[in-house]
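# Structure assessment
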Amino acid sequence: MRPQPYLEPMPLRGRISRAQPLGLPIVNVGFNELPYPPLPSVLTALHNTTAQAQSYGSPHCDALRDALAAQNGLDAEQIVCGNGSEELLDVIARCFARPGDAILISQFGYIQFALTANRVGATLIKAPEAAFTTDVDALLGAVTDQTRLVFLANPNNPTGTMVPLEALRRLARDLRPDIVLVLDLAYGEFAEAGYCDAVHKLVATHENVIVTRTFSKAYGLAGLRVGWCHAAPWMIPVIYAARGMGTVNAAAQAGAVAALGEQAGIDKQVAEIKSERARIAGALGQLGLEVIPSHTNFMMARFRDGSADLTEKLVEHLFDQGGFIVNRTREPGLEDFFRFSLHLPDNNDRLVACIRRFAAEAR
Ligand SMILES: Cc1ncc(COP(=O)(O)O)c(C=O)c1O
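As the structure is a prediction and not an experimental result, all values here were calculated from the model.

### Side note on the domain arrangement of the protein chain
With domains assigned, the protein chain is organised as domain 1 (27–38 + 264–362) and domain 2 (40–261). Using only C-alpha atoms to locate each centre, domain 1 and domain 2 end up separated by 26 Å. Taken together, the 24 residues of domain 1 in the interface contact 23 residues of domain 2. Of all elements in the fold, only α10 (263–286) and β10 (298–303) reach the threshold of two or more residues within the side of domain 1 that touches domain 2. In terms of residues, the side of domain 1 that touches domain 2 owes the most to one element, α10, which gives five residues. Here the residues of the side of domain 1 that touches domain 2 sort into twelve nonpolar, eight polar and four charged.

### Side note on helix α1 (residues 40–50)
If you check which residues of α1 are buried, you get Val42, Ala45 and Thr49. Buried residues along α1 cover an arc of 60° about the axis, so they all sit on one side. Turned more than 90 degrees away from the buried face of α1, the exposed residues are Pro40, His47, Asn48 and Thr50. On the buried face of α1, the contacting elements are α9 (250–260).

### With respect to the pairing of strand β6 (residues 180–184)
By the criterion of burial, β6 is predominantly enclosed, with five of the five residues buried. Residues Val180, Val182 and Asp184 of β6 are buried on one face, and the alternating residues Leu181 and Leu183, pointing to the opposite face, are buried as well. Strand direction decides the pairing type here: strand β5 (residues 147–153) and β6, joined by five bridges, are parallel. Bridging across to β6, alanine 153 finds its partner in aspartate 184. Of the crossover connections in this fold, the one passing from β5 over helix α6 (residues 165–174) to the parallel β6 is right-handed. Examined bridge by bridge, β6 and strand β7 (residues 209–214) share four bridges and lie parallel to one another.

Procedures and definitions
- Residues numbered from 1 in each chain as written.
- Predicted model: local features only at pLDDT ≥ 70, side-chain atom pairs only at ≥ 80, totals over all residues.
- Domains from an automatic or database assignment.
- Contact = placed C-beta atoms within 7 Å.
- Helix = DSSP H or I, 4+ residues; strand = E, 2+ residues; numbered from the N terminus.
- Nonpolar A, V, L, I, M, F, W, Y, C, P; charged D, E, K, R; others polar.
- Buried ≥ 20, exposed ≤ 12 C-beta atoms within 10 Å, placed from the backbone.
- Arc of directions from axis to C-beta.
- Pairing = 2+ DSSP bridges.
- Right-handed = clockwise from strand over helix to strand, strands pointing away.

Shown next, in the form of structure tokens:
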């Protein structure tokens, strides 16, 4: 007899682990990361802090919260930082959901929402989408007496789609005020200018809204693991009650502060990615692929007459012929899609060329 775990086991997902057969460098475009290395001032901050690694970082990330507050026009006392926004999603679920409660997400909502619901033993409810996009009315219609938490990534991963700000405002207005609404802006910087600022304003008018952000995407610091959330004052001590004391390490805090000081450079990188997004969507469209309109730094696409098997073959081909690791979208209803992050123009061109060759051979 074995001990009985409370959690559903989670096997590691198979990834391509063999050597690249042509000896090409590996380009991982499967994790929605940016292709740019940290800017020099960020590297300096990291170096200076690791040279002092005998000391703890600030447990409450004081300098980082001050910098975030100044940059975003917010109150530092309403910000909590975490070991990636992933930690904060987990912390929020632990604060507000238990077995018997329901966590509501959109049909193709970010996978971590489902994993988080599993961790706290809550029931996961999915509201149907239309055209791979969140349907706010379907979300509101799926609310029950058990609902404690709604997680919504806007823009969303893996679809890359988003609902307009007006729909978010309506969701915040019409959702029962005793239900926590988490608006995950991991890709908010890749939407239209001013979008993130407008979403943060919902926190002032709705005491149940939490906005989460990350340094992993637009700020290109995925490996440092820094995220943050912004919530009403009453929520902050609740969130701290569930978050570990020193989860954001000192180097990560210093790197994130330095990145905030490089906003012009960060904006330039985001603009480059957005321009590549339009260019590559056009190129794949010309190859006859269906490309789901993306508001992020990645995109989801499929062959129009494709299948999950064909996509599997494409994923193998892109690795074997180009060294690309792209993401096979495995969520039910998305099995024939693949997903990749926009990279430097040369690599994006190589990726399109590989897909073109595959399309020609597969037909
Ligand atoms: C929608 C969304 N939210 C949150 C995260 C978590 O990001 P991090 O933990 O790196 O901040 C991701 C990462 O891919 C994501 O796609």
